Amino acid sequence: MAASTTVASNTPRPALPARSVWRRILSGDSLAYSVTFAAAAMILLVTGILVWELYSNSQASRAKFGWNFLFTSTWDPVADQFGALPFIYGTVVTSALALCIGIPLGVGAAIFLAELAPPRISDALTFLIELLAAVPSVIYGLLGIFVLVPILRQVEPAIRAVLGWTPLFQGPFYGVSLFAAGVVLAVMIIPFIISISREVILAVPSDQREAALALGATRWESTWDVVVPYARNGIMGSIFLALARSLGETMAVTMVIGNDPKIKASLFAPGYSIAAVVANEFTEATGDMYISALIELGLVLFALTIVINGLARLLVARRNMA
Amino acid sequence: MIRRASHILPFLLLAGGLHAQNVLINAAGATFPYPMYSKWFDDYHKKFPTLQFNYQSIGSGGGIRQVTEGTVDFGASDGPMDDKQMADFRAKRGGGILHFPTVMGADVPVYNLPGVTQQLNFTPEALAGIFLGKITKWNDPELARANSGVNLPAKDIIVVHRSDGSGTTYIWTDYLSKVSKEWETKAGRGTSVNWPVGLGGKGNEGVSGQVKQIPNSMGYVELIYAVQNKIAYGKVKNSAGVFVEASLASVTAAAASSKEMPDDFRVSITNAPGKDAYPISSFTWLLIPEKISDATKKKAIKDFLTWMLADGQKMAAALSYAELPKAVLAKEQKALARIQ
C-alpha cells in the first residue's frame, strides 16, 4: 500500500475516465477505511452522548448528595432523600450469584458440546441454546414468578438444611428474593456463555489437540490442559458479555427480586437492583430532584459496569502474563 | 367519496368551525384510566372522523412533565398537580392549567389467609399499623376486634406493595396519611414512598400475584383489577364508622359526600364522610391548559370534554369505572368556559 502511493506520486497521473475513478474509489481501501471508521466512531459518539446526558441531567442530584449518594441507603421520594447503596448492593450480589451458577454450567456445557458430544447432538443442542438466548426477558420474569419461585419455596428447607449455618441463607424466605433473582439471571446468561464459548473452543486449531494426543494425553487431558487454556480469552469474553447482561437486566429481575431497598446479608431476603428501580419509578416520577436521582442511578450503573468489567479484564491480563 | 363526505358533513357542522382537514390532538399521562380514555377517544373519532386523539399512557408523572413542556396538547394524571408544579406550568407556558375529573377509582385491601373464608374487615388503624410494621400478626387485637367470629391465625403478616410508581399507590398512601399522623410523618403520600415494611410487586398483577403465592400476605390493588380478576378483598371502615365494601356505587358516593368541591377540582376524596362512602377512592384528572392558541384544537378539546361529561359518563360502568356524581359534572361544565 505504501509502495503504490509512492509510485502514484512520482509518475504523472494520466487523466482517467470518470467511470474508472469511480471504480477505483469503490474498490479502494480508502473507502473501506472511512466507512468502517465511521461505524466505529458511532460507538464512541453514542457512548459519549449517553454519558454526557446522564451526567448533565443528574446535575441537581449530584450537587445535593455528592459522593454520599453512593454510600447512603435511604430512598425516600416523598422527602427527596436519595441514596443508591441498596441498589448497588442488589445489582452486584445478583450478578455475582448469577456468575457463580452460570460459569461452571455454561463453560461445562460448552466444553461438552464442542469437544465431547457427537456432532448431531451438539448441533441440535446449540440450536436450542440460541433459541433460549433470544427469549425476551419478560418471559423469563414470568417464568420466574410462576414457576421458579414456587419451586424455590419447595426446595428452600433443603437449602437451609445444608447451608443454613452460613449468614447467606438465613431469615424468612418469601420466594421473591436476591436468590431468586440470581437464579433467573443465571438461566438467562448461560445461553450466552455456552454459545460463544462453544464457538471459541471449536475454533481452536486441531493441531493443538493432535499434538497433545500424540504426546500421550487422554482426551480429557487434551481438552482441559490444552484446548480450554488456548480458548481462555474467548471464554472470558463470553463471561464479560454475560456479566454485562446480568448487571443491566431489568424486567426479569424486578419481577422476582422483591423490590425492597434494604441491605441484608441473606440471599433469602428481598432486595432491589439499579435497573429495576429506574424502570419501576421513572414513569411516575414528578419532582426534579427525584428524576435527577433516578438519572444519576443510570450513571452509577454505567460506572459500575465499567469498573467491574475493568477489574475482570485486569485480572485476566495479569493471569495471562503470569 | 362524495357520499361519504355528505355523511361526515352534519357532524362537521355539529363540531362547528372544524375544518375538513384532519386534526390530531396529542395527549399523555395516567395508565389507570387508559382503557376508559381509549374507548372514549375511539368512539369520539368514529363520530368525528377528521378528529383524532393520540393518547400515550406513559404514567401520571410523564403526563405532567409533557404537558408542562408543551410536547402534548393535554395531560392526564391520577394525582392532582401540586402548587409547585402549577407554578412551574404557569412559568413555562404562560397560563394556568385546569384539572377536569373524568372517572373515579379505588384501592382495595387484598389478602391470602389460608383457612379464612369470611370477608375480613379492616379499620383505618389496622391498615396503617400493618403498613407501618407495627401490627405484625394476623391475630393482633386491632384486627380481632373488627373481625369477631373469624379464626385469625397467629401468623406474621407479610406486606406486599407496589414497586412501580403509580396512582394506585398515591391513593393508598394519601388515605393512610389522612388516617394516621405517624404514617404521614414517616412515609407520607406519593406515587412511590419509602415503605417501612414489605415486598414490592410490579403492577397490580405483581402485587396480586405475590399475595396469591405467599400465605398470610396482604397488599392493595386497584378495585377494577380486583373485580375483573375476581380477587377477594376486605371491607374498610369509613369515617362514619361503617364497614363498606368497595363498589362502583360506594366510590361514587364518596365523591358525592365529599366536602365542598374546590373550583380547581384539585381535591382528595379519600376518607370521605358519609355512611355509604368507600374511603379509599379518588378522581383521575385530565390536565387541560387554560390557554390553547390553536383555535381548531381548542374547539375540539372543549367539545370532547362536553361530550365526555354527558355521553361519555354513561360508558364508564361497562368498563368498571365509577362515574362522577351529578354535582361534579355540572360544576365541570361551568369550568369549561375557563379554557381560553
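Residues numbered from 1 in each chain as written. Chains lettered and ligands numbered in written order. Predicted model: local features only at pLDDT ≥ 70, side-chain atom pairs only at ≥ 80, totals over all residues. Heavy atoms only, no water.

### Concerning the pairing of strand β2 (residues 51-56) of chain B
Residues and elements named next belong to chain B.
Then, number 1: Alternating residues of β2 divide into Leu51, Phe53 and Tyr55, all buried, and Gln52, Asn54 and Gln56, none buried.
Then, number 2: Strand direction decides the pairing type here: strand β1 (residues 23-29) and β2, joined by six bridges, are parallel. Bridging from a neighbouring strand, Ile25 pairs with Phe53 of β2.
Then, number 3: Taken together, β1, helix α2 (residues 34-47) and β2 constitute a β-α-β crossover, and its handedness is right-handed. (Buried < 20%, exposed > 50% of the residue type's maximum accessible area, 1.4 Å probe, protein only. Helix = DSSP H or I, 4+ residues; strand = E, 2+ residues; numbered from the N terminus. Pairing = 2+ DSSP bridges. Right-handed = clockwise from strand over helix to strand, strands pointing away.)

### A short note on the domain arrangement of chain B
All names here are of chain B.
Then, number 1: Taken domain by domain, chain B comprises domain 1 (6-104 + 282-338) and domain 2 (106-255).
Then, number 2: Placing the centre of domain 1 and that of domain 2 at their C-alpha centroids yields a distance of 32 Å.
Then, number 3: Contacts between the two partners involve 15 residues from domain 1, matched on the other side by ten residues from domain 2.
Then, number 4: Summed over both partners, the interface of domain 1 with domain 2 comes to about 1100 Å²; 73% of that surface belongs to carbon and sulfur atoms.
Then, number 5: Across the contact surface, domain 1 and domain 2 share zero salt bridges.
Then, number 6: On inspection of domain 1 and its partner domain 2, the count reaches one residue pair in polar contact (both at pLDDT 80 or more).
Then, number 7: Each residue belonging to the side of domain 1 that touches domain 2 can be placed in one class, and the counts come to ten nonpolar, three polar and two charged. (Domains from an automatic or database assignment. Contact = heavy atoms within 4.5 Å. Buried area = accessible area lost by both parts, 1.4 Å probe. Salt bridge = Lys/Arg side-chain N within 4 Å of Asp/Glu carboxyl O. Polar contact = N/O pair within 3.5 Å; in protein donor to acceptor, adjacent residues only side chain to side chain. Nonpolar A, V, L, I, M, F, W, Y, C, P; charged D, E, K, R; others polar.)

### Describing the sheet that holds strand β8 (residues 217-222) of chain B
All names here are of chain B.
Then, number 1: Spatially, the eight strands line up as an open sheet ordered β2-β1-β3-β11-β4-β8-β6-β7, and their pairing is mixed. The sheet terminates laterally at β2 and β7 (199-201), the two strands that pair on one side only. When strand polarity is set aside, the average angle formed by the axes of neighbouring strands in this sheet is 25°. (Axes fitted to C-alpha atoms, helices over the stretch in contact; angles between N-to-C directions.)

### As for the nonpolar core
Then, number 1: Counting residues in each nonpolar core, the largest one holds 103 residues, and the members touching the most others are Phe131(B), Phe283(B), Phe304(B) and Leu305(B).
Then, number 2: Counting residues per element, this core draws most heavily on strand β4 (residues 97-112) of chain B, which supplies nine residues.
Then, number 3: Inspection of this core shows a minimum of three residues originating in each of domain 1 (6-104 + 282-338) and domain 2 (106-255) of chain B.
Then, number 4: Excluding anything up to four places from it in sequence, Phe283(B) contacts Asp78(B), Pro101(B), Val103(B), Met104(B), Ala255(B), Met261(B), Val267(B), Ile269(B), Leu324(B) and Val328(B).
Then, number 5: One finds Ala186(A), Val204(A), Val253(A) and Leu199(B) within the second-largest nonpolar core, a separate group that totals 48 residues. (Core = buried A, V, L, I, M, F, W, Y, C linked by side-chain atoms within 4.5 Å.)

### Some words on the interface of chain B and chain A
Then, number 1: Residue-level contacts link 34 residues of chain B with 32 residues of chain A.
Then, number 2: The contact between chain B and chain A buries some 2300 Å² in all, and 48% of this surface belongs to carbon and sulfur atoms.
Then, number 3: Applying the counting rule to chain B against chain A returns zero salt bridges.
Then, number 4: Applying the counting rule to chain B against chain A returns 15 residue pairs in polar contact (both at pLDDT 80 or more).
Then, number 5: If one sorts the elements of the side of chain B that touches chain A by residue count, helix α3 (residues 60-69) of chain B sits on top with five residues.
Then, number 6: Taken together, the residues that form the side of chain B that touches chain A break down as nine nonpolar, 19 polar and six charged.

### Regarding the packing of helix α7 (residues 119-133) of chain A against helix α9 (residues 178-202) of chain A
Residues and elements named next belong to chain A.
Then, number 1: One can describe the packing of α7 onto α9 by two numbers: an axis separation of 9 Å at closest approach and a directional angle of 135°. Here α7 is positioned oblique relative to α9, judged by the angle of their axes. Our pair here, α7 against α9, has a crossing hand that is left-handed. Listed contacts from α9 to Ser122, Asp123, Thr126, Ile129, Glu130, Leu132 and Ala133 of α7 are Pro191, Phe192, Ile194, Ser195 and Arg198.
Then, number 2: Residues of the contact of α7 with α9, tallied by class, amount to six nonpolar, three polar and three charged. (Parallel < 35°, antiparallel > 145°, perpendicular 65-115°, else oblique. Left-handed = near helix turned anticlockwise from the far one by under 90°.)

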